[in-house]
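In case you want the letters, here they are:
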Amino acid sequence: MKRLTICLMILGVLGTLLIALPITSAQSEMTCDDLAPATVPASLFVGMGDAYFAQGDQTLAILAYTCGLAQDDTYTPAYVNRGFAHLVQHNDTAAEDDFNRALELDDASVAAYNNRGLLYLSQGNFGLAITDFTLAITFDPNYAIAYHNRALVHAAERNYDLALADLQQAIVLDPEYAAPHATLGAVYAAMALESYQTYADIAGEGARLPGGEPDSILNAQKRGLETNDFSIWLIFWTPAY
Amino acid sequence: MKKRVIISLVVILVLVMVGPVLAQDDDKELDCPAFANSSTENRVTYYVGEGMAYADSGQVSRAIYSYTCIVELIDPTYVPGYMARAMLYTQRHDYELAVEDFNRVIDLQPDFLAAYNNRGIVYAAQQEYELALADFDHVLGADSGYVIAYNNRAVIYAILGDYDQAIADLEQAISVSGIDAIYAEITDPDRPAGTEDPEYNPNHAQPYALLGIIYSAQALDNYEAYLRLKGSQSDARIQSAAGSLESRFTFELRLDDGTWLFTAAFSPIAG
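On a predicted model such as this, the values are computed, not experimentally measured, just so you know.

Peer 1: What is the right way to read the overall build of chain A from this model?
Peer 2: Looking only at helices and strands, chain A features twelve helices and zero strands. Starting at the N terminus and walking to the C terminus, you meet the elements of chain A as α-α-α-α-α-α-α-α-α-α-α-α. With 241 residues in all, chain A has 44% of them scored as buried.

Listed below in structure tokens is the structure:
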């Protein structure tokens, strides 16, 4: 019977949403009652918030998370996700408050450490960011996301070896996780630029790179890989005299 | 009763909210990672919320995906998941899939009348009127106070040209809901000025509009009989009235295109 009641309630809510006028146009006036009845669990509001966030509507997402917290002010995921929405809106104070509250409620919340780490990273507080990502890894050694994000901090600090190690670990832990591969490319690109600079420093001011500008080299490499043409590498050879 | 009414009206409206027919992504492997280590209840409510929000934003396919996470991965016995997905399939005009979901609900919970009622509406959209009638008959056989089913069955009777049965159902809907007494009260000429209206469900007004449509159809039948018999000597005003009604039944009040409930303006929004 309880199940049926929930069913009816949820369907009623769904119906209200399906038939509602475009409420996003009047978000500032919206309340929790516009989203769902006060009887639904906090996790439902978090699901709503995540869907709005995924569509780029952080304001509505924040409302949904806040509604979830009105239902249960100890529901950690609502703080974690609302904090990240605040972060995206550059409301750092609100974001940090939410992450801190989440960690007060659950001091092993890897998501809260991760997201607070992102906040610190965005602020350039690399030491605090490293600490948070490392804590997340400590609580969950298989948490590939924290390895990836810690690699970003290492990369921002130009500690490319450490970044590469964390990215490789993220890939090992979750081969289906795409982000580390993109970041790996970016780290190698940064390393390439540093190497080109070192070449210029040694070869002297005005010396041209053997393969042309970095973009040209990259394009030539891409073509070479596509056509199985290794000749790009011949540009860099060093003959003996 | 109120909740049941809401559900039924929602489905009616779903039929008329003609959204874009989007490509299906049903072949993709399901990926539903949220709260993977949490309880089934927590995961279910999360994806219900996600589905509601996507539906609210007009992201019908993504909303369907959310409910598919529930019924195909998390809890295949979760009736509201099938109900919600069926409504979205209906909105997307995937009627066969909608019927499949309603069938699954009926398998899981044979006494859940909303599933029969909603399936009946989908059958009506498919112009499977006998199947639709059977579903509404089933609902009313189980619960003679199910107002929406009277309305829906009346629609089917009207489409089939059985105006007498349609009118009987609509009058029964009015009687069961008690909306006639409400109407009498709020239109009572002796009612003191400033008296607050009694509380009632505005959706219960629907039979009056449906009756109006049916009486209009009957009027058209009579006008056409007159025009046929009178020929070129017929009264121009009747010709005009008949033409007007015929036009309406060809377009906004067309009875067999699955959308006329909406064009008859029985939306809860309109109240």
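From this point on, the discussion continues.
Peer 1: In this structure, what is going on with helix 9 (residues 163-177) of chain B? I would like to understand it.
Peer 2: Think of an α-helix as 3.6 residues a turn; residues three or four steps apart then line up on the same face. Residues and elements named next belong to chain B. Compared with the 21 Å implied by 1.5 Å per residue over 15 residues, the 21 Å span of helix 9 between its first and last C-alpha is a close match. In the core, the buried residues of helix 9 are packed alongside helix 8 (147-159), helix 10 (179-186) and helix 11 (206-230). Gly178 sits one or two positions beyond helix 9 and adopts a positive phi of about 80°.

Peer 1: Can you help me understand helix 3 (residues 60-74) of chain B in this one?
Peer 2: All names here are of chain B. The first and last C-alpha atoms of helix 3 sit 20 Å apart over 15 residues, in line with the 21 Å expected at 1.5 Å per residue. Most of helix 3 is tucked away, with twelve of its 15 residues classed as buried. For helix 3, the full list of buried residues reads Val60, Ser61, Ala63, Ile64, Tyr65, Ser66, Tyr67, Thr68, Cys69, Ile70, Val71 and Ile74.

Peer 1: I keep staring at the packing of helix 6 (residues 92-105) of chain A against helix 7 (residues 110-123) of chain A and nothing clicks. Help me out?
Peer 2: The packing of two helices is summarised by the inter-axis angle and the distance between the axes. Residue and element names in this part refer to chain A. Contact pair helix 6 / helix 7: the axes reach a minimum separation of 9 Å and the direction vectors enclose 155°. On the basis of their axis angle, the class for helix 6 and helix 7 is roughly antiparallel. The way helix 6 lies across helix 7 gives a crossing that is left-handed. Within the contact between the two elements, helix 6 uses Asp92, Ala95, Glu96, Phe99, Asn100, Ala102 and Leu103 and helix 7 uses Ala112, Tyr113, Asn115, Arg116, Leu119, Tyr120 and Gln123. Here the contact of helix 6 with helix 7 is composed, by residue class, of eight nonpolar, three polar and three charged.

Peer 1: What am I meant to see in the nonpolar core here?
Peer 2: Across soluble globular proteins, you tend to see nonpolar side chains buried next to one another. Core analysis: the largest hydrophobic core is formed by 113 residues, its most contacted members being Leu35 and Met48 of chain A together with Tyr47, Val48, Ile70, Met83 and Tyr146 of chain B. By size, the runner-up hydrophobic cluster in this structure holds eleven residues, among which are Leu87, Phe99, Leu119 and Ile130 of chain A.

Peer 1: Mind showing me how you'd approach the packing of aromatic side chains here?
Peer 2: A ring pair, where both rings are aromatic, is described by two values, the distance of the centres and the angle of the planes. Residue and element names in this part refer to chain B. Applying the stated criterion across every chain yields a total of six aromatic pairs over all chains. On the basis of an interplanar angle of 85° and a centroid distance of 5.1 Å, the ring pair of Tyr46 and Tyr47 is categorised as edge-to-face. According to the relative accessible area criterion, Tyr46 is buried, its value standing at 4%. Among the aromatic residues, those joined into a cluster by ring pairs are Phe35, Tyr46 and Tyr47.

Peer 1: Would you take a moment to explain the pattern of salt bridges for this structure?
Peer 2: Working definition: two side chains of opposite charge can pair if their charged atoms are close together. The tally for this structure, following the rule as stated, stands at 14 salt bridges over all chains. A salt bridge links Glu194 of chain A to Arg158 of chain A; the shortest N-O distance between them is 3.9 Å. Linking Glu194 of chain A in helix 11 (residues 179-203) with Arg158 of chain A in the loop between helix 9 (144-156) and helix 10 (160-173), this pair joins segments that are 36 residues apart in sequence. Arg158 of chain A sits in the exposed class, given a relative accessible area of 60%. The closest approach of N and O atoms between Asp137 of chain B and Arg153 of chain B, which form a salt bridge, is 2.7 Å. Linking Asp137 of chain B in helix 7 (residues 129-142) with Arg153 of chain B in helix 8, this pair joins segments that are 16 residues apart in sequence. Each of the salt bridges in this network shares a partner with another, and the network as a whole consists of Glu72, Arg85 and Asp101 of chain B.

Peer 1: How should a negative patch on the surface be read in this particular structure?
Peer 2: A contiguous patch of negative charge on the surface is contributed by Asp174 and Glu176 of chain A together with Glu29 and Asp31 of chain B. Along the chain, the position of Glu29 of chain B falls in the loop between helix 1 (2-16) and helix 2 (40-56). Of the residues examined, Glu29 of chain B reaches a relative accessible area of 71% and is grouped as exposed.

Peer 1: Just to check I follow, could you spell out the packing of helix 6 (residues 113-125) of chain B against helix 7 of chain B for this structure?
Peer 2: All names here are of chain B. Where helix 6 contacts helix 7, the axes come no closer than 8 Å and their chain directions differ by 160°. It follows from the interaxial angle that helix 6 and helix 7 lie roughly antiparallel. Between helix 6 and helix 7 lies a crossing whose hand is left-handed. Of the residues in helix 7, those in contact with Leu113, Tyr116, Asn117, Arg119, Gly120, Ile121, Tyr123 and Ala124 of helix 6 are Tyr129, Leu131, Ala132, Asp135, Phe136, His138, Val139 and Ala142.

Rules behind the numbers
- Residues numbered from 1 in each chain as written.
- Chains lettered and ligands numbered in written order.
- Predicted model: local features only at pLDDT ≥ 70, side-chain atom pairs only at ≥ 80, totals over all residues.
- Heavy atoms only, no water.
- Helix = DSSP H or I, 4+ residues; strand = E, 2+ residues; numbered from the N terminus.
- Buried < 20%, exposed > 50% of the residue type's maximum accessible area, 1.4 Å probe, protein only.
- Expected span 1.5 Å × (residues − 1).
- Contact = heavy atoms within 4.5 Å.
- Axes fitted to C-alpha atoms, helices over the stretch in contact; angles between N-to-C directions.
- Parallel < 35°, antiparallel > 145°, perpendicular 65-115°, else oblique.
- Left-handed = near helix turned anticlockwise from the far one by under 90°.
- Nonpolar A, V, L, I, M, F, W, Y, C, P; charged D, E, K, R; others polar.
- Core = buried A, V, L, I, M, F, W, Y, C linked by side-chain atoms within 4.5 Å.
- Phe/Tyr/Trp six-rings, centres within 6.5 Å; stacked < 30°, edge-to-face > 60°.
- Salt bridge = Lys/Arg side-chain N within 4 Å of Asp/Glu carboxyl O.
- Patch = residues over 30% accessible without salt bridge, like charges linked within 9 Å, V, L, I, M, F, W, Y side chains within 5 Å.
- Areas by Shrake-Rupley, 256 points an atom, 1.4 Å probe, with all protein chains shown as cover.
- Lys, Arg positive; Asp, Glu negative; His and termini not counted.
- Charge placed at Lys NZ, Arg CZ, Asp CG, Glu CD.

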